[in-house]
Amino acid sequence: MYLARNLNNNGEWNFFIRESYQDDKGIWRSRQLFDLGVDPSKYIHYLGKSGYYFDETILEELSKKGVKCTQDDLEEIFWLFLDPDIKRIIEDFGSRSRRKKRKRLTRTKRKELFKKLHPFDKRRICFLRLGQINMDALIDQPLSCYRVLLFKSRDEIEQMISQMEGRLRPWERRGYLYAIFDIPSY
């Protein structure tokens, strides 16, 4: 599950909970699970200064669609909209440092999967994660930073990269464009 956003006709961001899934042909697709509207924070209910819970309608709707969801999953989706004091408490407590354990890939399987990734996506991730402009030596390597591109729909990849691009500083944007369009090779 992931948080997706789209501009509506009024120029406001609409937020959605979406999920990537693999169809019967093995193609990764996405489906919309829940429309959060323009203000997802309305689904967060606070209990005093350090407690909160998510609206039951989200869990009910997700369970109707057969999606199993934990509090940590929702916390990851709603992270941008949580109160800053509560974010600090959560980070101090360490629950955000827990990551889902992924099944380890064999070296040959990893190389095979990484070869299927599009070079444009690799260049974008390589710059956003490593800050490299000339990446001729890196593009064919099975780097762990490319793992974020695996097992995701095109929509989830674009939403993730869009969020990362939004964090670029103005003076980094020129280098980013230079790197992703592989201008050094021309």
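Now for a look at the structure at hand. The structure displayed is predicted, hence computed values, not measured ones.

Some details on the sheet that holds strand β3 (residues 28–37)
Read from one edge of the open sheet, three strands run β1-β2-β3, paired in antiparallel fashion. Each having just a single partner strand, β1 (2–7) and β3 make up the two edges of the open sheet. Taking the axes of each pair of neighbouring strands and ignoring which way they run, one obtains an average angle of 40 degrees across the sheet. The pairing of strand β2 (residues 13–22) with β3 spans eight bridges and is classified as antiparallel. Paired with F16 across the two strands is D35, which belongs to β3. Each of β2 and β3 is contacted by helix α1 (residues 56–64), which is oriented at about 150 degrees to β3, the strand it contacts most. Against the sheet, helix α6 (residues 154–166) makes contact with β1, β2 and β3, and its axis sits at roughly 80 degrees relative to β1, the strand it touches most.

Here we look at the environment of W171
As for its position among the elements, W171 is in the loop between α6 and α7 (173–180). Residues W171 and E112 lie 59 residues apart in sequence; the distance between their C-alpha atoms is 36 Å.

Regarding α7
Of all the positions in α7, only G175, Y176, A179 and I180 are classed as buried. Seen end-on, α7 carries its buried residues on one side only, within an arc spanning 120 degrees. At its buried positions, α7 is contacted by α5 (119–130) and α6. Trailing α7 by a residue or two, D182 shows a phi angle of about 55 degrees, which is positive.

With respect to unusual backbone geometry
A positive phi angle is found at F151, which is not glycine, with a value near 60 degrees. Structurally, the position occupied by F151 is in the loop between α5 and α6. Overall, the relative accessible area of 45% leaves F151 in the partly exposed class. Positive phi values are uncommon outside glycine, yet D182 reaches one of about 55 degrees. Along the polypeptide, D182 turns up in the segment after α7.

As for a nonpolar patch on the surface
Residues I133, L177, Y178, F181 and I183 make up a contiguous nonpolar surface patch of about 450 Å² in total accessible area. Residue classification places I183 among the partly exposed residues on the basis of a relative accessible area of 38%.

Conventions adopted
What you see as residue numbers is a count from 1 along each chain, following the sequence as written. With pLDDT at 70 or above as the cut-off, local features in this predicted model cover only qualifying residues; side-chain atom pairs require 80 or more to be listed or tallied, and sums for whole chains, interfaces and linings still use all residues. By convention in this description, side-chain values take in all heavy atoms of the structure and omit both hydrogens and water. Two strands make a pair as long as DSSP finds a minimum of two bridges between them. Helix numbers and strand numbers start at the N terminus; a helix is a DSSP run of H or I with at least 4 residues, a strand a run of E with at least 2. Between N-to-C directions, angles cover 0 to 180 degrees, with each direction set by a line fitted to C-alpha atoms, over the stretch in contact for helices. Any two residues having at least one pair of non-hydrogen atoms within 4.5 Å are treated as being in contact. Exposure is judged per residue with a 1.4 Å probe applied to protein chains only, and the accessible area is read against the type maximum: over 50% gives exposed, under 20% gives buried, and values in between give partly exposed. Within this analysis, the arc is defined by the directions that extend from the helix axis to the C-beta atoms. Patch membership is restricted to residues that have no salt bridge and whose relative accessible area is over 30%. Joining uses 9 Å for like charges and 5 Å for the nonpolar side chains Val, Leu, Ile, Met, Phe, Trp and Tyr. Reported accessibility uses the Shrake-Rupley method at a 1.4 Å probe radius. Residues are deemed covered only where the shown protein chains occlude them. In what follows, salt bridge is the name for a side-chain nitrogen of Lys or Arg lying within 4 Å of a carboxyl oxygen of Asp or Glu.

That's the geometry; what it means functionally is another story.
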